[in-house]
2 protein chains.
Amino acid sequence: MSELKRVYNFNPGPGVLPLEVLQEAQAELLNFKGTGMSVMEISHRSKEFEAVIQTAEADLRELLGIPSNYKVMFLQGGATLQFAMIPMNLRAAGASADYVVTGSWSKAALKEAKKLGAVHIAATTESENFNCLPDKYDFDPKAAYVHYTMNETIHGVEFFNEPVVPDGVPLVCDTSSNFISRPIDVSKYALLYAGAQKNAGPSGVTVVIARDDMIARTPENLPVMLDYKTLAESGSLHNTPPSFAIYMVGLVFKWAKKMGGLAAMEKHNREKAAIVYNAIDDSAGFYRGHTVPEARSLMNIPFRLPSEELEETFAKEAKKNDLIGLKGHRSVGGMRASVYNAMTIEGAKELSKFMADFQKRNG
Amino acid sequence: MSELKRVYNFNPGPGVLPLEVLQEAQAELLNFKGTGMSVMEISHRSKEFEAVIQTAEADLRELLGIPSNYKVMFLQGGATLQFAMIPMNLRAAGASADYVVTGSWSKAALKEAKKLGAVHIAATTESENFNCLPDKYDFDPKAAYVHYTMNETIHGVEFFNEPVVPDGVPLVCDTSSNFISRPIDVSKYALLYAGAQKNAGPSGVTVVIARDDMIARTPENLPVMLDYKTLAESGSLHNTPPSFAIYMVGLVFKWAKKMGGLAAMEKHNREKAAIVYNAIDDSAGFYRGHTVPEARSLMNIPFRLPSEELEETFAKEAKKNDLIGLKGHRSVGGMRASVYNAMTIEGAKELSKFMADFQKRNG
C-alpha cells in the first residue's frame, strides 16, 4: 500500500473527497460487507446493493428534507445530459422554457434546450462577464419551467435566494457545485439536479430530485434512458446503474450526516470561504475577486493577480506547497479556489497563509 | 481492513473482476501515483488523468487490433443508451435499420430504435425461445446499418462468425457480455459497443468503437451527450467522464495484456466453459442447457434442473458453498453460470464438482 501522502485539493471537480470516506471504501474494496466480493462485483439486483441505493436515498432525503412527493434518481451522463433531458421531459411540444443565465453552465443548459425547442432568456448577466446575479427578470408566465444554476462553478456566482418566478411556473435548478453544501427548501423546486463530482462523490453519477407532477409530464416514446418516468419508477434500476459511484455518494451522505447535517455543513463552508475571501480583501488589491461581494460563491472562489506572469508563478509555487488545482478556468483567467464540503478549515488556512506570503514576496 | 474472504462469483453483471486489479485499485485508492489524491479526486483535465484514459485506449487498441480509422469512446448510460444513440447518429431521417433478434438484449435494442424511426427485422429466433442462431436472414440492402448482439447474456447464445451482410451495409454490434473475451476482426464492424460491467470493469462506463465514416453521420443539433461526433472529437472529455470506471477498465485492459492478450484469453475462456458444459452433458439429462450446442456462449451458460424446487435448492446450496450468482433470469428460468474473463479455472471446477455432487444427492 502506498504511503499516505495527501495534498490540499482545490480542484473544481472532480474534487476533494472526505478522507474517512475514501478510507472506508478502501477497507472494504475487496470484500463488501462480508459478501466476498467488491461492491463493484455484486449484482445491482442483490439485497446488498438494494441496501446501498436505498440507504443513499434515505440519507439524502433526511439531509435535504425532501418531501415524499419527490422522487430521487441516480442517473448517468452528468449535468450535461440533464440539460437535454429536462426539456425532453418537461417541455411539451410547442411550449417554451425560461432560462436565467449567470455563467458558463447556465449558458450551456440554454444551448442544449434551444436545440430541442423554444426558449426565452428571463435574465442574463453576460454583459457583466457573469460576475453578479440578475437585478431583474423578464419571466414568461406561460413558461414550461424556469431553469437556473444555483452556483456557477467557473464564475463563482451563487444564489442564496431562489429567483421569484410567476405563480405556477415550475422552478428547475442545476445545483451541481453547491449540492448538499447548505440547507435549501426543496419544496420551492419542481426539479433539482447535481453531478456528484463536486460535493457528493466521484464523477459518473448525477442525482435528480423531481416532483411527481414533473415526472408525470414525460411524453410517450422517449428513449428509455432519457425517460424520467421509467427511470423513477424503476428506482434508477432500469438497467445496470453506476454502482460504485452510487455507493460512494452514499458514503458521502452518511459522512455529511455525521458532520451534523447541512446546517453544520453551511457553518463549516462559510468559515472556510471567509478565510479565503478575507485573504483577497485584506490584500489591498493585490488579489482581486471576480465576483461582486453579494453574489460570492461559498464553493468556488475565482480571483486574479496583478499580472498573468504572477498568476503562473502563483500556481506553480502553490503546487510545490501541496496546494493543488488552483488554476482558474480560461474563460475567467487567473486562479480559482474550490472549497467544497470535504475541504478542511486547515486547507483554507494553508491557502490563506500562502497567499499572504506570496504577496509579501511579489507585491 | 476486512479479512480477505473471496467467493466464486458467477454473477451476470456487474460480475467478477480480477483480484489483482482490485488489489491495485485498493493500494492506490488514497494516493494515486504519488499525487496525494485519489484517482476519483484528480481533475479529468490533469496530465495524470490524461495518462489514464490514453493508456486505457492504447491498451484496448492493442488488445483488439483496432485500426486507426476507428475512434474509441468511453461513455455513460450503459448499452441501453447506445440502443438510442445508434439510430440517432447513424440512421438518417427516413432511412430504415436492420435488426437481428436473438435474445432479450437485441430485442431491447430493436425496441429503442423503433421509437425513433423505421426498423426491419432481418432475422429472429424468438419462436425458438432464443436458443439458437438464425439460419437465414432477410437483409434490406438499403439499410442504414445492421445491428446484432454478439452474445446474449440472458439466453446464452453467442455468434462466433459475423452475420454476412449485403455489401456496403455497416455492421453494428453490441458486444457487452463477450467484450475482450476473445479476438475479433474489428475491421468487419462499423461500430461496436460494450457496457463494461461484464468482462471489462465496473458498471458506469460503456466503450464505443466507431469507424470514422459512422461518426461523420452524426446529424446537426443532437444533444451533445448523445452526439458521437462531439464525444469522439473531445476524446470522451466533453464533460466530466466517469473517471473511476475508466481507470478500472484501464486496469482490466492492462491485466488482459499481461494474461497474454485475447488469444490467451479465449483459450482460458474455452477451457472454463468446457468444464461447465461437460458437467451439463455428462449428467444424463439431469442438467439441461438452454442453448443448442453450436450457439453455446462461452460467457453465459443457462441450464435447467428437473424441477423448479430442485433449482431453488441448487441455488441455495451453491451459495452456502461460496458459488454465487447462479440464479437464471426469470425469462429463461433455472440457473445461469456466467464465466467471464476474471472467473478462474478453479472456480469453474468448483462449480462442476458441486453440480456432480448435487446430482448424486438429488438425481
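Keep in mind the model is a prediction, meaning the values are calculated, not measured.

Peer 1: Please give an account of the domain arrangement of chain A that cites residues and values.
Peer 2: All names here are of chain A. Here chain A is described as being made up of domain 1 (22-258) and domain 2 (260-362). With 30 residues of domain 1 in contact, the opposing surface of domain 2 contributes 26 residues. Interface area for domain 1 against domain 2, summed over the two sides, is near 2200 Å², with a carbon-plus-sulfur share of 57%. The three residues of domain 1 that bury the most area against domain 2 are N131, I154 and F160, which together make up 22% of that side's buried surface.

Peer 1: Before we move on, could you go through the relation of the copies chain A and chain B and cite the residues and values that matter?
Peer 2: Superposition of the two copies of the chain requires a rotation about an axis and a shift along the axis. When chain A is fitted to chain B, the best match, at an RMSD of 0.0 Å, comes from turning it 180° and sliding it 0.0 Å along the axis. The superposition of one copy onto the other is thereby described by a two-fold rotation axis. Comparing interface residues between copies, 100% of those in chain A also lie at the interface in chain B; the contact surface is shared.

Peer 1: Go over the interface of chain A and chain B, please, and point to the residues and values.
Peer 2: Contacts between chain A and chain B engage 65 residues on the former and 65 residues on the latter. Taken together, the links from chain A to chain B amount to two salt bridges. At the surface where chain A touches chain B, the tally comes to 29 residue pairs in polar contact (both at pLDDT 80 or more). Of all the secondary-structure elements, those providing two or more residues to the side of chain A that touches chain B are α1 (19-27), α3 (78-90), α4 (104-116) and α7 (243-258) of chain A. Broken down by element, the residue count for the side of chain A that touches chain B peaks at six residues, all from α1(A). The residue inventory of the side of chain A that touches chain B, partitioned by class, reads 30 nonpolar, 26 polar and nine charged.

Peer 1: So what's going on with the pairing of strand β4 (residues 118-124) of chain A? Residues and values would help.
Peer 2: Every regular strand shows the same layout, with side chains that alternate between the two sheet faces. All names here are of chain A. Across six bridges, strand β3 (residues 96-101) lies against β4 in parallel orientation. By the bridge assignment for β4, S96 is matched with A118. For the crossover from β3 across α4 to β4, the handedness is right-handed.

Peer 1: So what's going on with the sheet that holds strand β11 (residues 288-289) of chain B? Which residues, and what values?
Peer 2: Residues and elements named next belong to chain B. Ordered by their spatial adjacency, three strands build an open sheet running β11-β12-β14, and the pairing between neighbours is antiparallel. Two strands bound the open sheet, and with one partner strand each, they are β11 and β14 (335-338). When strand β12 (residues 300-304) meets β14, the two strands line up antiparallel, connected through four bridges. Its bridge partner being in β14, P302 is matched across the sheet by R336. Strand contacts of helix α8 (residues 261-281): β11, β12 and β14, with the helix running at about 10° to β12, the strand carrying the most contacts.

Peer 1: I'd like a description of the sheet that holds strand β12 (residues 300-304) of chain A, backed by residues and values.
Peer 2: Read from one edge to the other, the open sheet built from three strands follows the order β11-β12-β14 (chain A), with strand pairing classed as antiparallel. Every other strand in the sheet has two partners, leaving β11 (288-289) and β14 (335-338) of chain A as the edge strands with one partner each.

Peer 1: Mind laying out the packing of α8(B) against helix α10 (residues 345-362) of chain B, listing which residues take part and the relevant values?
Peer 2: All names here are of chain B. Two elements in contact, α8 and α10, have axes whose closest approach is 9 Å; the angle formed by their N-to-C orientations is 0°. Here α8 is positioned roughly parallel relative to α10, judged by the angle of their axes. Contacts from H268, E271, K272, I275, V276, A279 and I280 of α8 reach α10 at I345, A348, K349, L351, S352 and M355.

Peer 1: Give a detailed account of the packing of aromatic side chains, specifying residues and quantitative values.
Peer 2: Residues and elements named next belong to chain B. Overall, the coordinates contain 35 aromatic pairs over all chains when judged by the stated rule. Measuring from centroid to centroid gives 4.8 Å for F286 and Y287, while their planes differ by 85°, and the two rings are edge-to-face. Of the two residues, F286 and Y287, neither departs from the other in class, the shared state being buried. Here F314 and F354 contribute two aromatic rings whose centre-to-centre distance is 5.1 Å and whose plane-to-plane angle is 70°, an arrangement assigned as edge-to-face. Taken together, the residues span a long stretch of sequence, with F314 in helix α9 (residues 308-320) and F354 in helix α10 at a distance of 40 residues. Each member of the pair, F314 as well as F354, is classed as buried.

Peer 1: Requested: an account of the pattern of salt bridges, with residues and values cited.
Peer 2: All names here are of chain A. Per the stated rule, a full pass over the model turns up 44 salt bridges over all chains. Across the pair E158 and R182 runs a salt bridge whose closest N-O atoms are separated by 3.0 Å. Residue E158 is located in strand β7 (residues 157-158), and its partner R182 is located in the loop between β8 (171-174) and β9 (191-195); the two are separated by 24 residues in the primary sequence. Its relative accessible area of 0% is what places E158 among the buried residues. Relative accessible area serves as the criterion here: at 6%, R182 is assigned to the buried category.

Peer 1: How would you summarise helix α3 (residues 78-90) of chain B if you had to cite specific residues and measurements?
Peer 2: Here α3(B) spans 18 Å end to end across 13 residues, near enough to the 18 Å set by a 1.5 Å rise per residue. Of all the bends in α3(B), the greatest, near 25°, is centred on B:A84, and the proline B:P87 appears no more than four residues after it.

Peer 1: Tell me about the side chain of B:D98, and name the residues and values.
Peer 2: Residues and elements named next belong to chain B. Tracing the chain through its elements places D98 in strand β3 (residues 96-101). For the buried D98, no salt bridge is present, and the opposite-charge side chain at shortest range is R91, 9.3 Å distant. When residues no more than four places from it in sequence are discounted, the contact partners of D98 are H120, A122, D138, F139, D140, A143, Y145, V146 and H147.

Peer 1: Explain empty space enclosed by the protein to me, and be specific about the residues and the numbers.
Peer 2: Counting across every chain of the model gives nine cavities of 30 Å³ or more. If you add up the space inside the largest cavity, you get close to 110 Å³. As for the largest cavity, its lining consists of 13 residues, of which B:L75, B:Q76, B:M225, B:L231 and B:N239 are closest to the centre. Listed by contribution, the elements that provide at least two residues to the lining of the largest cavity are β2 (70-75) and α3 of chain B. Of the residues in the lining of the largest cavity, the class split is nine nonpolar, four polar and no charged. Of the volumes computed, that of the second largest cavity is approximately 90 Å³. Residue lining of the second largest cavity: 13 residues in total, with A:S203, A:F244, A:A245, B:S203 and B:A245 positioned closest to the centre. Elements with a minimum of two residues in the lining of the second largest cavity: α7 of chain A together with α7 (243-258) of chain B. Looking at the lining of the second largest cavity element by element, the count peaks at three residues for α7(A). Of the residues that constitute the lining of the second largest cavity, the class distribution is eight nonpolar, five polar and no charged.

Rules used in this analysis
Residues numbered from 1 in each chain as written. Chains lettered and ligands numbered in written order. Predicted model: local features only at pLDDT ≥ 70, side-chain atom pairs only at ≥ 80, totals over all residues. Heavy atoms only, no water. Domains from an automatic or database assignment. Contact = heavy atoms within 4.5 Å. Buried area = accessible area lost by both parts, 1.4 Å probe. Least-squares fit on C-alpha atoms with pLDDT ≥ 70 in both. Salt bridge = Lys/Arg side-chain N within 4 Å of Asp/Glu carboxyl O. Polar contact = N/O pair within 3.5 Å; in protein donor to acceptor, adjacent residues only side chain to side chain. Helix = DSSP H or I, 4+ residues; strand = E, 2+ residues; numbered from the N terminus. Nonpolar A, V, L, I, M, F, W, Y, C, P; charged D, E, K, R; others polar. Pairing = 2+ DSSP bridges. Right-handed = clockwise from strand over helix to strand, strands pointing away. Axes fitted to C-alpha atoms, helices over the stretch in contact; angles between N-to-C directions. Parallel < 35°, antiparallel > 145°, perpendicular 65-115°, else oblique. Phe/Tyr/Trp six-rings, centres within 6.5 Å; stacked < 30°, edge-to-face > 60°. Buried < 20%, exposed > 50% of the residue type's maximum accessible area, 1.4 Å probe, protein only. Expected span 1.5 Å × (residues − 1). Bend = angle between axes of the 7 residues up to and from the residue. Lys, Arg positive; Asp, Glu negative; His and termini not counted. 1 Å grid on protein atoms, 1.4 Å probe; cavity = no way out; pocket = protein on both sides within 12 Å on 5 of 7 lines; lining within 4 Å. Points joined across faces, edges and corners; volume = space filled by probe spheres on them.

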